Amino acid sequence: MEKHILELKNIKKVFPGVCALDGVSLAFRPGEIHAIAGENGAGKSTFIKIITGAIQPTEGQIFFEGEEIRNNSPIVSMKHGIAAIYQEFNLFPALTAAENIFFGRIPKKNGMVDYRKMYQEAEVLLEQLGVSISAQARVSSLSVGYQQIIEIARAVSCHARVLIMDEPSAPLTDNETRRLFEIVERLKKNGITIIYISHRMEEIFRLCDRVSVFRDGKYIRTMEVQNTSADELIQIMVNRELGEQYPKKAYQRGKKVLEIRGLNTALLKDIHLEAYEGEILGLAGLVGAGRTEIARALFGADRIESGVFLIDGKEVVIHKTMDAIRAGIGLIPEDRKRQGVFLRESIRHNVSFAHFKGIMKGPFISEKLDKEAAASYIESLGIKTPSAEQAVGNLSGGNQQKVVLAKWLFTDSRILIFDEPTRGIDVGARQEIYRLMLDLIAQGKTVIMISSEMPELIGMADRIVVLHEGRISGTLKKGEFTQENIMTLASGMPLQTGSEGKH
């Protein structure tokens, strides 16, 4: 009989009106990297919360090394050696790396904190993970990638034998992601079982031994990664043919809608660019190159030192976000949970929040108009929800993204900025977002898309502006789109003559 370190049998979880998991049985081998794949809303998050004891199953059993875990809780699961690293880190920024690693278990000597021992043990742990972080560094001074490593070190210090990683590469740069992979492989060699949740196919096939697919709260099947393909895995996840990854479109550029002249901020230097009706303008560049800063300056979220914004040839003054909203600009931010929506509020309140005038009847807010607006966008954008009263925090990532979009469509925004539009979104929902973007430009809207995924930019953009260290290093037209050209410009190197278009 095959040996398993962790096994779940017939797990069922029912929330009011929703069956999140329906009879899921799944077992994990010691020292394997086991991916869990599925669309948003498939039940992956509920499954890992049940493993860690954060929520209790309605039915079912959990076994660790053959013994049933009863009355599971975060403390009980941790005692068994089960730890989880979520997308939102559970760290104390003002404390040092060592204090975070040993929080709640800080070594003491004669009733006092034994700082020497704590820092020494932390240094050993970090060295075992192959990174050079000072144990005395404050977490607030560390990059997101290093903060994630502190989370991993804390799990290892608790003698974790099963480590759950939920979309671990989502906030990381390419270099940080490579370092993460090295650490994950090192943990595997040490016999730790990794349960790896990711929407990124390339990561699953690069790292994982097996992959289990969830769909609509049900367990579908487990496959050896080496015996399947990305196309087969996607088809099993969504249970439908997706067709081409990036939907085809005819590019019909209209009149110039937006022009930025001589934009300068603390980071940006002399930015000049134009965007047209009916086009998707891509912004590319390495992390810190200034892509998001252009969006934030245009949206009035960051102070500008100098520069002019023109819409339809007329100068508009944008000092704050309300100026941008009045000018017809909407921003779908990278961090939609913190900056795009109010998670505890309903879909209805999120949709109307930026445009109360649209639901006013005389001097009063009309609940009828409010409900009608929400219902209209739920239907037109295909937001999957029991009702408009559902809290946005209970929706999947793809549906949260649609709520942000609905908010700006309700304001009748003409220029829509998508910052990392598909980050943390499953493959099926990605296609829906892409089609919505095409619907927008077909209506004559202007879309500015910022993305770290070059295939996404190449597949969706009509032109790509590439930034390097706060400056535009070049602009590519459709026939010039290659990953090599984008990376060359993003690195600050010139393209060969004839390869680069005009701004």
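For the structure, see preceding data.
Residues numbered from 1 in each chain as written. Predicted model: local features only at pLDDT ≥ 70, side-chain atom pairs only at ≥ 80, totals over all residues. Heavy atoms only, no water.

Caption draft 1: Region of interest: the sheet that holds strand S6 (residues 82–85). One open sheet holds the six strands; their spatial order is S6-S9-S10-S3-S11-S12, and the pairing between them is mixed. A single partner strand is all that each edge strand has here, and the edge strands are S6 and strand S12 (218–224). On average, each strand axis in the sheet is tilted by 20° relative to the strand beside it, whichever way the strands run. Where S6 meets strand S9 (residues 162–166), four bridges bridge the pair, whose relative direction is parallel. Within the sheet, the bridge partner assigned to Ile82 lies in S9 and is Val162. (Pairing = 2+ DSSP bridges. Helix = DSSP H or I, 4+ residues; strand = E, 2+ residues; numbered from the N terminus. Axes fitted to C-alpha atoms, helices over the stretch in contact; angles between N-to-C directions.)

Caption draft 2: Highlighting the packing of helix H14 (residues 397–410) against helix H15 (residues 427–442). H15 packs onto H14 with a crossing angle of 15° between their chain directions and a minimal axis gap of 10 Å. Relative to H15, H14 is oriented roughly parallel. Once H14 is placed against H15, the crossing between them reads as left-handed. Taking contact as the criterion, the partners of Gly398, Gln401, Lys402, Leu405 and Leu409 in H14 are, on H15, Ala429, Glu432, Ile433, Leu436 and Leu440. Each residue belonging to the contact of H14 with H15 can be placed in one class, and the counts come to six nonpolar, two polar and two charged. (Parallel < 35°, antiparallel > 145°, perpendicular 65-115°, else oblique. Left-handed = near helix turned anticlockwise from the far one by under 90°. Contact = heavy atoms within 4.5 Å. Nonpolar A, V, L, I, M, F, W, Y, C, P; charged D, E, K, R; others polar.)

Caption draft 3: View of H14. With 14 residues, H14 should reach 20 Å at 1.5 Å per residue; the first-to-last C-alpha distance of 20 Å fits that figure. The buried count for H14 comes to 14 of 14 residues, which makes it a mostly enclosed element. The positive-phi residue at the C-terminal boundary of H14 is Asp412, with phi of around 60°. (Expected span 1.5 Å × (residues − 1). Buried < 20%, exposed > 50% of the residue type's maximum accessible area, 1.4 Å probe, protein only.)

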